[in-house]
Amino acid sequence: MGTEEFSKLCKTTVRDYFNEHADKTDNAPITEDDVFIVWMCKTLQNCKAMASTTVHDQMYYELTYNGDKQELYIDVYKKWENRCLKFADQSAMQPAA
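These figures come from a predicted structure and were not determined experimentally. (Residues numbered from 1 in each chain as written. Predicted model: local features only at pLDDT ≥ 70, side-chain atom pairs only at ≥ 80, totals over all residues. Heavy atoms only, no water.)

**Q** Which residues make up unusual backbone geometry, and what values go with them?
**A** Phi is mostly negative for residues that are not glycine, and the peptide bonds are mostly trans. One non-glycine residue, Leu 44, lies in positive phi territory at about 55°. As for its placement among the helices and strands, Leu 44 is situated in the loop between strand 1 (35-43) and strand 2 (46-53). Here Gln 70, not a glycine, exhibits a phi torsion of approximately 55°, which is positive. The exposure class of Gln 70 is exposed, given its relative accessible area of 63%. (Helix = DSSP H or I, 4+ residues; strand = E, 2+ residues; numbered from the N terminus. Buried < 20%, exposed > 50% of the residue type's maximum accessible area, 1.4 Å probe, protein only.)

Right under this line is the structure:
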């Protein structure tokens, strides 16, 4: 599977997943244009992508294509928190006080 084909498959899968599981307060289904790929890579016959949507629900989607089995797996996460940890000494990797 090529990069463009995989990207389209990811966007379609996320769109369908969101529309099936969306909260009624989201008011409208999303389209493929509302899904964006954050990161994608292809290694041999396998592909992996990380995606999100324009909906402000903080959901995050990880999609993995197994080329040997021709299967697509989707993991769905919700962003819980975003923190910045500063390290005083890079070699020790201990948070600064």
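**Q** Go over the packing of aromatic side chains, please, and point to the residues and values.
**A** Applying the stated rule across the entire model yields two aromatic pairs. With centroids separated by 6.0 Å and ring planes inclined at 75°, the aromatic side chains of Tyr 17 and Tyr 61 adopt a geometry described as edge-to-face. Taken together, the positions of Tyr 17 in helix 1 (residues 3-21) and Tyr 61 in strand 3 (residues 59-66) put the pair 44 residues apart, joining distant regions of the chain. (Phe/Tyr/Trp six-rings, centres within 6.5 Å; stacked < 30°, edge-to-face > 60°.)

**Q** For helix 1, give the residues involved together with the corresponding values.
**A** Over its 19 residues, helix 1 runs 27 Å from end to end, which matches the ideal 27 Å to within 8%, given 1.5 Å per residue. The complete set of buried residues in helix 1 reads Phe 6, Ser 7, Cys 10, Thr 13, Val 14 and Phe 18. Viewed along the axis of helix 1, the buried residues span an arc of 130°, placing them on a single side of the element. Along helix 1, the residues that are exposed and aim more than 90 degrees away from the buried face are Glu 4 and Glu 20. For helix 1, the secondary structure elements touched by its buried residues are strand 1, strand 2, strand 3 and strand 4 (71-78). (Expected span 1.5 Å × (residues − 1). Arc of directions from axis to C-beta. Contact = heavy atoms within 4.5 Å.)

**Q** How would you explain the sheet that holds strand 2 if you had to name every residue and give the values?
**A** With antiparallel pairing, four strands are arranged side by side in an open sheet as 1-2-3-4. Single-partner strands in this sheet number two, and they are strand 1 and strand 4. Recorded for the sheet is a direction-independent mean angle of 15° between the axes of neighbouring strands. Helix 1 contacts strand 1, strand 2, strand 3 and strand 4 of the sheet and is inclined by roughly 135° relative to strand 1. (Pairing = 2+ DSSP bridges. Axes fitted to C-alpha atoms, helices over the stretch in contact; angles between N-to-C directions.)

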